[in-house]
Amino acid sequence: RRPMTPALAGSRFWVATVRASKPVEVDVREGALMLQGASLAADVEPSGRRTSLWISVDGGREFAVGSLVSGRHTFTKMDLLVQGRTARIVARGEDTAALHGTFFEIERPGGAKARERPSKRAAHGDRLRAAAAAQEDRPRKAARHAGTLEAVPKPDTATPRVEPAAKSAPRADRPSPAPHQPARAEAPAPTPKQTAPATAKGGQQQAPSPKRQRLRGGVEVEVLAQGQGKTARAGQHVLVRYAGRLARGGKQFDAGTIKFLLGRGEVIQGWDVGVAGMAVREKRRLHVPAPMGYGARGAPPDIPKHAALVFDVELMKIL
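Residues numbered from 1 in each chain as written. Predicted model: local features only at pLDDT ≥ 70, side-chain atom pairs only at ≥ 80, totals over all residues. Heavy atoms only, no water.

## Focus on the sheet that holds strand β7 (residues 86-92)
So, step 1. One open sheet holds the four strands; their spatial order is β2-β7-β4-β5, and the pairing between them is antiparallel. Edge positions in the sheet fall to β2 (24-27) and β5 (63-69), since each has one partner strand and no second. Adjacent strand axes in the sheet meet at a mean angle of 20 degrees when their direction is disregarded.
So, step 2. Both strand β4 (residues 50-57) and β7 contribute to a ladder of six bridges, which runs antiparallel. If you follow V57 over to β7, its bridge partner there is A87. (Pairing = 2+ DSSP bridges. Helix = DSSP H or I, 4+ residues; strand = E, 2+ residues; numbered from the N terminus. Axes fitted to C-alpha atoms, helices over the stretch in contact; angles between N-to-C directions.)

## Comments concerning the side chain of K259
So, step 1. With respect to the secondary-structure elements, K259 resides in strand β13 (residues 252-261).
So, step 2. No salt bridge is formed by the buried K259, whose closest oppositely charged neighbour, E266, lies at an N-O distance of 8.9 Å.
So, step 3. Once you skip the residues sitting within four places of it in the chain, K259 turns out to touch S39, F75, H100, H237, V238, L239 and L319. (Buried < 20%, exposed > 50% of the residue type's maximum accessible area, 1.4 Å probe, protein only. Lys, Arg positive; Asp, Glu negative; His and termini not counted. Salt bridge = Lys/Arg side-chain N within 4 Å of Asp/Glu carboxyl O. Contact = heavy atoms within 4.5 Å.)

## Some details on the sheet that holds strand β15 (residues 283-288)
So, step 1. The sheet built from six strands is open, its strands ordered β9-β10-β15-β16-β12-β13 with antiparallel pairing. The open sheet has two free edges, formed respectively by β9 (212-214) and β13, since each of these has just one partner strand. Averaged over all pairs of adjacent strands, the angle between strand axes in this sheet comes to 25 degrees, irrespective of strand direction.
So, step 2. Sheet topology note: the strand β10 (residues 220-225)/β15 ladder contains five bridges and is antiparallel. Its bridge partner lying in β15, V223 is registered against R284.

## With respect to the pattern of salt bridges
So, step 1. This model, assessed by the stated rule, comprises 14 salt bridges.
So, step 2. Among the salt bridges present, the one from E220 reaches R212, with a minimum N-O distance of 2.7 Å.
So, step 3. Here D312 makes a salt bridge to R285, at a shortest N to O gap of 2.7 Å. Of this pair, D312 sits in strand β16 (residues 309-318) while R285 sits in strand β15; the two residues are 27 residues apart in sequence, bridging distant segments of the chain.
So, step 4. On the basis of relative accessibility, which here comes to 23%, the residue R285 falls in the partly exposed class.
So, step 5. A network of salt bridges, in which partner residues are shared, links R212, R214, E220 and E222.

## Some remarks on the environment of R214
So, step 1. Tracing the chain through its elements places R214 in strand β9.
So, step 2. Put simply, R214 and G274 are 60 residues apart on the chain and 9.7 Å apart in space, counted from C-alpha to C-alpha.
So, step 3. Discounting chain neighbours no more than four positions away, the residues touching R214 are V219 and E220.

## Re the pairing of β13
So, step 1. Burial of β13 is extensive: seven of the 10 residues sit out of reach of the surface.
So, step 2. Pairing of strand β12 (residues 237-246) with β13 involves nine bridges; the strand directions are antiparallel. Paired with G244 across the bridge in β13 is D254.
So, step 3. The hairpin turn running from β12 into β13, its antiparallel successor, is five residues long, and G249 in that turn takes a positive phi close to 100 degrees.

## Overview of unusual backbone geometry
So, step 1. Each neighbour pair has its own omega, and for P300 with P301 the value is 0 degrees, a cis peptide bond.
So, step 2. Its place among the elements puts P301 in the loop between β15 and β16.
So, step 3. Positive phi values are uncommon outside glycine, yet D58 reaches one of about 55 degrees.
So, step 4. Summarising the element assignment, D58 is placed in the loop between β4 and β5.
So, step 5. Relative accessible area serves as the criterion here: at 36%, D58 is assigned to the partly exposed category.
So, step 6. Unlike most non-glycine residues, H306 shows phi in positive territory, near 55 degrees.
So, step 7. Its place among the elements puts H306 in the loop between β15 and β16.

Have a look at this one:
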């Protein structure tokens, strides 16, 4: 009999901000963390200060994984796979660094997510139950194909037929379409010159809200500030300042600066779609639905399952 081996259950984009006074601890018991890069914040003064990054696993010996220098070497690429129980990442220096990578969730043999082969009798029973459920669910599936999610009741020959009403009475708030009835007198609508602009408290004129543009995958974009110069395209390295929060409740879960390769899956799909086409110094607000973010798994403990996200992003550089 073949031994059971771990299987990949899924992956998600991982990012963390590391400060000199605040190490980061990562729980890697349920999988493995692939560190892919680190960068300094864009507003760090180019003074030549050095910041080194160190990592230890399960309280063991520390190893240096990268070094950053403000003004000269602000980004370093990594290719480090971390496994164990707990990984501790420390930044030694005066500046703040942002790390990013990919967290792989693994189904371990014998665990709660282990794949086991059912017996023939159990498999046969599962097939019978699935066939019965499909038979009962056939009207519901037909309703979904017709464009509705409501369940369709089973036909009942004993149910009396209800004849439609001859003519529905007109609503009280809607004028009758008959031409011979006089229309109710109404106040004349103001002309464009008479319409006053909306004002906020204090008598100041209120600025119009930015218009949302819907992109691929349901991602919606608001342009908060126009940029200038070249625009970002897939295959280019970009440096982005960001702040992320939950769409429901507005709780901020992360903020910082990150460098990544646009359109190559190094970040969530909502970023690859929403950042493309940005000009340098342009600011956008990205409304990212759950399937284009962290999906059904989320990113515990900060991002719950099926969470829609909002990111305020600014394109700092195209590298």
